[in-house]
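So you can see what is in the structure, the chains are spelled out below.
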Amino acid sequence: MDRQQYIDEAMKHLHNPSHYTLLDFDPTDEFSQQFQSTLDDMKEHDHLTKKIHKLGNPGRPILSGNGSPTENISLFVDHHIKPLVSFAPSYIHDTPDFLRKLYHIKDQIFIPYTAIISTFNASFLYIIFPMMKLQRILATFMDKHYIQVSGTATLCMGTRMAPSFACLFMTKLEQQMLDSASCPPWLWWRYIDDNFFIWTREEESLYTFIDSINSFHRTIKFTSDFFQEETNFLDVTVRKESNHVTTTLYTKPTDTHQYLHSANCHPHHCKTSIPYSQALRLRRICSEDSEFSFHARNLKRHLTARGYGTRRVQQAINKDMSTATISNVHSPVQFVVGFSKAEIDKTNLHGWKICNNFLQLLQAFKDFLLSVLTETVKS
């Protein structure tokens, strides 16, 4: 093929209006600006939230993943790894889960009076993970650009998968630490990066254990303020009482108790449920009636200051007084229906009646199943 044949063949393709359009200017600069603008929009911007409950009010770096290029992939990864988190031996889901597990041991296993109950916290967990190859994160702050040299681009606080990934990382790390420790704790539970433990050996060996776990990993370090009598974990204060433990409510000193005001324009049922739900929370956390009464009086004062009627608040508290504590509150039975009423064509009256009757039948079966489970537990 000579030069002219080559040109003719190229023109045949370029003059096809279905494939190309002839321009009267060079768009390279315009395309470069558009590309640069797209890259600028893809940057994740850094901001801080203050830990006002900690000494010195240290900042917590947040890199928002909303609208970022990694938002959807982070959501995808979280969907697949989140179910694995609950399989960790030390896993704590929330406060009710912690209370249930604590109840199962406090009256069934002898806890020595000399035991130490305390907590560990993994410092700067989200930003000091070992950096994975080919992963970097660019942060912009005050018109200056920073590249993260430790941690992973997918594990900054602000991305969806961060908590699940952190839990899985800590699960593997803590198993290796505990297996290699010469004197592991008698009990070790964890909520993300906060650990609750019970130490039954002498205090000197606890210091040895702390030194061991803080030298186990190059960047992950643990801090602890342990006491002989009590410790705070989540929103619970755990106290040691003559070979067993009791629980009561813990609130941070910075808590201002700014509940939803009664004059707010939220639906009525949202506001009427607050006194009962808050009192129920107290009933579950406080293992002693005296502690419940003390915190219930405080709750009544806080709610009345937010415009709630004294009588309504007292009625909610009285109703919760007879409610079972966490010792009788078990994990909920998951009941899933594969369709919703909104998905049913209501124009099909006959089909709607059949489905509605089926839902009523399922609800009746659910109530019956729960009653059987309740009687089984009582017996």
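Described below are features of the structure shown in this document. (Residues numbered from 1 in each chain as written. Predicted model: local features only at pLDDT ≥ 70, side-chain atom pairs only at ≥ 80, totals over all residues. Heavy atoms only, no water.)

A few points about the sheet that holds strand S9 (residues 230-233)
One key point about sheets: their strands pair by backbone hydrogen bonds, in either a parallel or an antiparallel sense. Taking strand neighbours across the sheet as the criterion, the three strands line up as S9-S10-S11 in an open arrangement whose pairing is antiparallel. Looking along the sheet, the strands with just one partner apiece sit at the ends: S9 and strand S11 (244-249). For this sheet the average axis-to-axis angle between neighbouring strands, irrespective of direction, equals 25°. Across six bridges, the pairing between strand S10 (residues 236-241) and S11 is antiparallel. In the strand pairing of S11, Glu241 is matched with His244. Together, S10 and S11 form the strand contacts of helix H7 (residues 268-285), whose direction differs from that of S11 by roughly 165°. (Pairing = 2+ DSSP bridges. Helix = DSSP H or I, 4+ residues; strand = E, 2+ residues; numbered from the N terminus. Axes fitted to C-alpha atoms, helices over the stretch in contact; angles between N-to-C directions. Contact = heavy atoms within 4.5 Å.)

Focus on the sheet that holds strand S8 (residues 222-223)
The strand order S6-S7-S3-S8 describes an open sheet built from four strands, whose pairing is antiparallel. Lying at the two open borders of the sheet, with one neighbouring strand each, are strand S6 (187-191) and S8. Bridging between strand S3 (residues 116-122) and S8 involves two bridges; their strand directions are antiparallel. Its bridge partner lying in S8, Ala122 is registered against Phe222. Across the sheet, helix H5 (residues 162-180) is in contact with S3, S6, strand S7 (194-199) and S8; its angle to S6 comes to roughly 165°. In the packing of helix H6 (residues 203-214) onto the sheet, contacts are made with S3, S6, S7 and S8, and the angle to S3 comes to roughly 15°.

Considering a nonpolar patch on the surface
Together, Met11, Leu14 and Tyr20 line one region of the surface with nonpolar side chains, adding up to about 290 Å² of accessible area. Looking at where Met11 falls in the secondary structure, it is placed in helix H1 (residues 3-14). By relative accessible area, Met11 is classed as partly exposed at 38%. (Patch = residues over 30% accessible without salt bridge, like charges linked within 9 Å, V, L, I, M, F, W, Y side chains within 5 Å. Areas by Shrake-Rupley, 256 points an atom, 1.4 Å probe, with all protein chains shown as cover. Salt bridge = Lys/Arg side-chain N within 4 Å of Asp/Glu carboxyl O. Buried < 20%, exposed > 50% of the residue type's maximum accessible area, 1.4 Å probe, protein only.)

Comments concerning unusual backbone geometry
Even without being glycine, Ile192 reaches a positive phi, approximately 55°. If you trace the backbone, Ile192 turns up in the loop between S6 and S7. Within the chain, Leu234 stands out as a residue other than glycine whose phi angle is a positive 55°. Structurally, Leu234 is set in the loop between S9 and S10. The partly exposed category is assigned to Leu234, whose relative accessible area is 28%.

Focus on the nonpolar core
Of all hydrophobic cores here, the largest spans 30 residues; its most connected members are Phe98, Leu102, Trp189, Phe196, Ile198, Val238 and Leu303. Secondary structure elements with two or more residues in this core: helix H4 (95-106), S6, S7, S10, S11, H7, helix H8 (289-305) and helix H9 (310-321). Apart from residues no more than four positions distant in its own chain, Phe98 is found in contact with Ile92, Trp189, Phe196, Phe233, Leu234, Val236 and Val238. Within the second largest apolar cluster, 17 residues are counted, among which are Phe120, Met170, Leu173 and Met177. (Core = buried A, V, L, I, M, F, W, Y, C linked by side-chain atoms within 4.5 Å.)

Notes on the packing of aromatic side chains
Scanning the entire structure with this criterion turns up eleven aromatic pairs. Geometrically, the ring pair formed by Phe98 and Phe196 is edge-to-face, given 5.2 Å between the ring centres and 75° between the ring planes. Here Phe98 is found in helix H4, whereas its partner Phe196 is found in strand S7, with 98 residues between them in sequence. Look at Phe98 and you get buried, because its relative accessible area is 0%. A residue is classified by how much of its surface remains accessible, and Phe196, at 0% relative accessible area, is buried. Clustering of aromatic rings is evident, with ring pairs tying together Phe120, Trp188, Phe197, Trp199, Phe209 and Phe222. In this structure, Arg283 is placed above the aromatic ring of Phe292, and the distance from its NZ or CZ to the ring centre is 4.7 Å. (Phe/Tyr/Trp six-rings, centres within 6.5 Å; stacked < 30°, edge-to-face > 60°. Lys NZ or Arg CZ within 6 Å of the ring centre and 35° of its normal.)

Some words on the packing of H7 against H8
Between H7 and H8, whose axes approach to 9 Å, the crossing angle comes to 155°. As far as their axial angle goes, H8 and H7 are roughly antiparallel. The way H7 lies across H8 gives a crossing that is right-handed. Contacts between H7 and H8 involve Ile274, Pro275, Gln278, Ala279, Leu282 and Arg283 from the former and Asp289, Phe292, His295, Ala296, Leu299 and Leu303 from the latter. Split into classes, the residues belonging to the contact of H7 with H8 amount to eight nonpolar, two polar and two charged. (Parallel < 35°, antiparallel > 145°, perpendicular 65-115°, else oblique. Left-handed = near helix turned anticlockwise from the far one by under 90°. Nonpolar A, V, L, I, M, F, W, Y, C, P; charged D, E, K, R; others polar.)

What about the pairing of S9?
In S9, alternate side chains face the same way, and those of Thr231 and Phe233 are buried while those of Glu230 and Asn232 on the opposite face are not. Relative to S10, S9 is paired through four bridges, and the arrangement is antiparallel. Residue pairing for S10: Thr231 is matched across the bridge by Val238. Between S9 and S10, which follow one another and run antiparallel, lie two residues, and Leu234 among them has a positive phi close to 55°.

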